Amino acid sequence: MADKLIIFDTTLRDGEQSPGASMTKDEKVRIARQLERLKVDVIEAGFAAASPGDFESIKAIAAAVREPIICSLSRANDRDISRAAEALEKAQRKRIHTFIATSPLHMEMKLRMSPDQVLEQAIQAVRFARQFTDDVEFSPEDASRSDFDFLCRVIEAVIKEGATTINFADTVGYGVPELYGSTLKRLRETIPNSDKAIWSVHCHNDLGMAVANSLAGVMIGGARQVECTINGLGERAGNTALEEIVMAVRTRKDHFNLDIGIDTTQIVATSKMVSQITGFAVQPNKAIVGANAFAHASGIHQDGILKARNTYEIMRAEDVGWSANKIVLGKLSGRNAFKQRLQELGIALESETEINAAFARFKELADKKSEIFDEDIMSVVADEEHSHDA
Ligand code: KIV
Ligand code: ZN
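Residue numbering note: each chain is counted from 1, following its sequence as written. Working convention: letters from A go to chains and numbers from 1 go to ligands, in the order in which they are written. Local features in a predicted model are, by the rule used here, given only for residues with pLDDT of at least 70; side-chain atom pairs are given and counted only at 80 or more, and totals for whole chains, interfaces and linings are based on all residues. Just so you know, side-chain values use all the structure's heavy atoms and leave hydrogens and water out.

### Here's the deal with the overall build of the protein
Here's step 1: The helix and strand tally for the protein stands at 15 helices and 12 strands.
Here's step 2: Taken along the three principal axes of its C-alpha coordinates, the protein extends 90 × 40 × 40 Å.
Here's step 3: Relative to its 390 residues, the protein shows a buried fraction of 53%.
Here's step 4: Sequence-distant contacts, at least 24 apart, represent 72% of the contacts inside the protein between residues at least 6 apart.
Here's step 5: When the accessible area of the protein is evaluated, it comes to approximately 17,500 Å², of which 50% is carbon and sulfur surface.
Here's step 6: In this tally, Asp and Glu contribute negative charge and Lys and Arg positive charge; neither His nor the terminal groups of the chain are included. Think of each charge as sitting on NZ of Lys, CZ of Arg, CG of Asp or CD of Glu. Counting 47 positive and 58 negative side-chain charges, the protein places the averaged centre of each group 3 Å from the other. Each helix is a run of H or I in the DSSP string that is no shorter than four residues. Each strand is a run of E no shorter than two, and both are numbered from the N terminus. Note on classification: 1.4 Å probe, protein chains only; a residue is buried when its accessible area is under 20% of the maximum for its type, exposed when over 50%, partly exposed between these limits. Here, two residues are considered to be in contact whenever any of their heavy atoms come within 4.5 Å of each other. Each accessible area value is a Shrake-Rupley result obtained with a 1.4 Å probe; residue values ignore everything except the protein chains displayed when judging cover.

Next up, the structure:
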């Protein structure tokens, strides 16, 4: 039987850390309900101690959304953890996610703590969080730049305290796929109690490799949870894009052999909602959810698609929530695509000669315009009919 890959969505927490992407409580609840329709496994609803607004948003989501686990982030201290627990009180299923930095740079320059102090604080935090829930996630922040032996000590200790998920955070997007995956594998092989926890990947996109690193963490490292955001929203260059992970695993099931519970037909609606609420436009060539992700402009491709869609499509547009794929008529289009559009518009030209003449006019026009709309086709045909009347 295939393993399940847990989809942990952090659009409302790490995604909101995108400068300019802050959301109101009502907007967050709307997105959380949509994430429930999408069937994500875990929603990280916010960071309860960060602000009263974040606290209220988590509280509202915990009351409104029943299926997914609702999670709050907290630093590794009692106050943050208590706030998280309070905000999550009404949740059907709750998770506290606590973190502390483990890299030498962060411990020395940011926390001004010794490694032993960090280790002790991590242990205390997990022990304290376990008083509120038996679902506790621990993240060694900046793990990909941490000392391997120290990381092993911290992780072994927090698992002993009851951490149920360990998140290998590539906080600054420094990871490269093979190394990120093999380090995770080595951690799991070295830490004696590693199989008592589910391992998770959390990657940032500073070098454009968040999705590749996450997948390497899954395939090489054995992670079974991916932390991701809709449209790859997130701090700096963003986080791993949920839609890309889900469709990679689904489309290449032959390779990944993992099950995911996501209703992929909700992907586009979720992407559009997040884009509209945050005001962050989705680039046209963005995989899966960009306006051009299923659009075909070249004549050769259009001809192939009209004969068999899988000639140039590895997924169906409808499977991710688009109403259809798109044949974009322009100067590169061929006669076949033109003829097909005439049929769709209910235009029946009498003979092949008429079609050829209209196609020639269409090509002339297409040289002058970057995209041809249905109205343009109709006027091309009308010109053709007038030329007969004259
Ligand atoms: O990037 C990061 O390290 C985080 C942690 C808090 C998990 O977002
Ligand atoms: Zn992050």
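There's plenty left to go through after this.
### Here we look at the pairing of strand β4 (residues 69–75)
Here's step 1: Of all the 7 residues making up β4, 6 are buried; the element is thus mostly covered by neighbouring parts of the structure.
Here's step 2: The pairing criterion is simple: DSSP has to find at least two bridges between the two strands. The pairing of strand β3 (residues 42–47) with β4 spans 5 bridges and is parallel. Across the sheet, Gly-46 pairs through a bridge with Ser-72, a residue of β4.
Here's step 3: As judged from the 6 bridges shared by β4 and strand β5 (residues 94–101), these two strands associate in the parallel manner. Residue pairing for β5: Leu-73 is matched across the bridge by His-97.
Here's step 4: Handedness of the β-α-β unit built from β4, helix α3 (residues 78–87) and β5 comes out right-handed. Orienting the strands away from the viewer, one traces the path from the first strand over the helix to the second; a clockwise path indicates a right-handed crossover.

### Here we look at the coordination of the zinc ion (ligand 2)
In ideal tetrahedral geometry, four donors around a metal make angles of 109.5 degrees, whereas ideal octahedral geometry with six donors gives angles of 90 or 180 degrees.
Here's step 1: Counted as donors are the N, O and S atoms within 2.8 Å of the metal, or 3.2 Å for Na, K and Ca, while water is not among the atoms, so some sites may look incomplete. Distances from the zinc ion (ligand 2) to its protein donors, Asp-14 (OD), His-202 (NE2) and His-204 (NE2), fall within 2.0 to 2.1 Å.
Here's step 2: Written as a sequence motif, the donor arrangement for the zinc ion (ligand 2) is D-x187-H-x1-H. Neither residue differs from the other here; His-202 and His-204 are each classed as buried.

### Side note on the packing of aromatic side chains
Here's step 1: Between 30 and 60 degrees the pair is tilted, below 30 it is stacked and above 60 it is edge-to-face, where a pair is any two Phe, Tyr or Trp rings, Trp via its six-membered ring, whose centres lie within 6.5 Å. Summed over all chains, the structure comprises 6 aromatic pairs.
Here's step 2: Judged by centre distance (4.8 Å) and plane angle (15 degrees), the rings of Phe-168 and Tyr-180 are stacked. In this pair, Phe-168 is assigned in strand β7 (residues 165–170) and Tyr-180 in helix α7 (residues 177–190), connecting sequence segments 12 residues apart. Judged on exposure class, the residue Phe-168 and its partner Tyr-180 are both buried.
Here's step 3: Members of the aromatic cluster, joined through ring pairs, are Phe-338, Phe-359 and Phe-362.
Here's step 4: Any Lys NZ or Arg CZ that is within 6 Å of a ring centre and within 35 degrees of that ring's normal is treated as a charge sitting over the ring. In this structure, Arg-83 packs its charged tip against the face of Phe-55, placed 3.8 Å from the ring centre.

### Side note on the confidence of the model for the protein
Here's step 1: Scored from 0 to 100, pLDDT reflects the predictor's confidence in each residue. Mean pLDDT for the protein: 96, with 98% of residues reaching 70 or above.
Here's step 2: As a predicted assembly, this complex carries a pTM of 0.95 together with an ipTM value of 0.99.

### Overview of the sheet that holds strand β8 (residues 198–203)
Here's step 1: Read around the closed barrel, 8 strands run β2-β3-β4-β5-β6-β7-β8-β9, paired in parallel fashion. The sheet shows a mean angle of 25 degrees between the axes of neighbouring strands, direction not considered.
Here's step 2: Bridge count for strand β6 (residues 136–141) against β7 is 2 bridges, and the pairing is parallel. Residue pairing for β7: Glu-137 is matched across the bridge by Thr-165. Interaxial angles span 0 to 180 degrees and are taken between N-to-C directions of axes, which are lines fitted to C-alpha atoms, for helices over the stretch in contact.

### Quick notes on the nonpolar core
Here's step 1: Definition used in this section: a nonpolar core is a set of buried Ala, Val, Leu, Ile, Met, Phe, Trp, Tyr and Cys residues joined via side-chain atoms within 4.5 Å. Among the nonpolar cores identified, the biggest contains 92 residues, and Leu-5, Ile-7, Ile-43, Phe-138, Ile-166 and Leu-187 are the most heavily contacted of them.
Here's step 2: A per-element tally of this core places helix α6 (residues 148–161) first, with 9 residues.
Here's step 3: Ile-305, Ala-358, Phe-362 and Val-380 belong to the second largest nonpolar core, which has 17 residues in total.

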